[in-house]
Amino acid sequence: MCSNGRCIPGAWQCDGLPDCFDDSEKKPKAKSKCGATFFPCTSGIHCIIGRFRCNGFEDCPDGSDEENCTANPLLCSTARFHCKNGLCIDKSFVCDSQNNCQDNSDEESCESPQ
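Predicted model, so just to flag it, every value in this text is computed and none were measured.

A.B. asks: Just to check I follow, could you spell out the confidence of the model for the protein for this structure?
C.D. replies: For any part of a model where pLDDT is low, the fine detail of the predicted coordinates should not be relied upon. On average, residues of the protein score 76 in pLDDT, and 73% of them reach the 70 mark or higher. Confidence scores differ between elements of the protein, with strand β4 (residues 88-90) showing the lowest mean pLDDT of 80 and strand β2 (residues 47-49) the highest of 90.

Structure, rendered in structure tokens:
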């Protein structure tokens, strides 16, 4: 929100164009507060469902949910599927006819439809 009350899309903030017409968009926004089960994207504007962190897909517009995933101890918890290449994905992505692991290991042991 601009200081004059006008709202602009978050991606327009600090893009070099005067969308607010009052310099307020150049001031960094306070980081949003995400609920306990949510992950705050680095941009501070978006929150994603916590289990989407390190799922092999960029759910945050800035891709921050997929950064530093190898250091994340929850990355390969028992609630996730362990891909052969070291990635971990949500178990709901296994056998969905999509190469979510990027090595197709999530689609290898699936029953083919008859």
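Following the structure, the description resumes.
A.B. asks: Would you mind going over the state of the cysteines with me for this structure?
C.D. replies: By definition, a disulfide links the sulfur atoms of two cysteines through a covalent bond. According to the stated counting rule, one finds four disulfides in the structure shown. Note on cysteine connectivity: C34 is disulfide-linked to C47, with sulfurs 1.9 Å apart. Taking the sign of the torsion about the S-S bond as the criterion, the disulfide between C34 and C47, at about -85°, is left-handed. One end of the pair, C34, is in the segment before β1 (38-40); the other, C47, is in strand β2, and 13 residues separate them in sequence. There is a disulfide in this structure between C95 and C110, and the S-S distance comes to 2.0 Å. Residues C95 and C110 are joined through a disulfide that is left-handed, its torsion about the S-S bond being -90°. Note that C95 is positioned in the segment after β4 and C110 in the segment after β4, a separation of 15 residues in sequence. Classification of C95 as partly exposed rests on a relative accessible area of 40%. With a relative accessible area of 24%, C110 lands in the partly exposed category.

Conventions and cut-offs
- Residues numbered from 1 in each chain as written.
- Predicted model: local features only at pLDDT ≥ 70, side-chain atom pairs only at ≥ 80, totals over all residues.
- Heavy atoms only, no water.
- pLDDT = per-residue confidence, 0-100.
- Helix = DSSP H or I, 4+ residues; strand = E, 2+ residues; numbered from the N terminus.
- Disulfide = S-S within 2.5 Å.
- Buried < 20%, exposed > 50% of the residue type's maximum accessible area, 1.4 Å probe, protein only.

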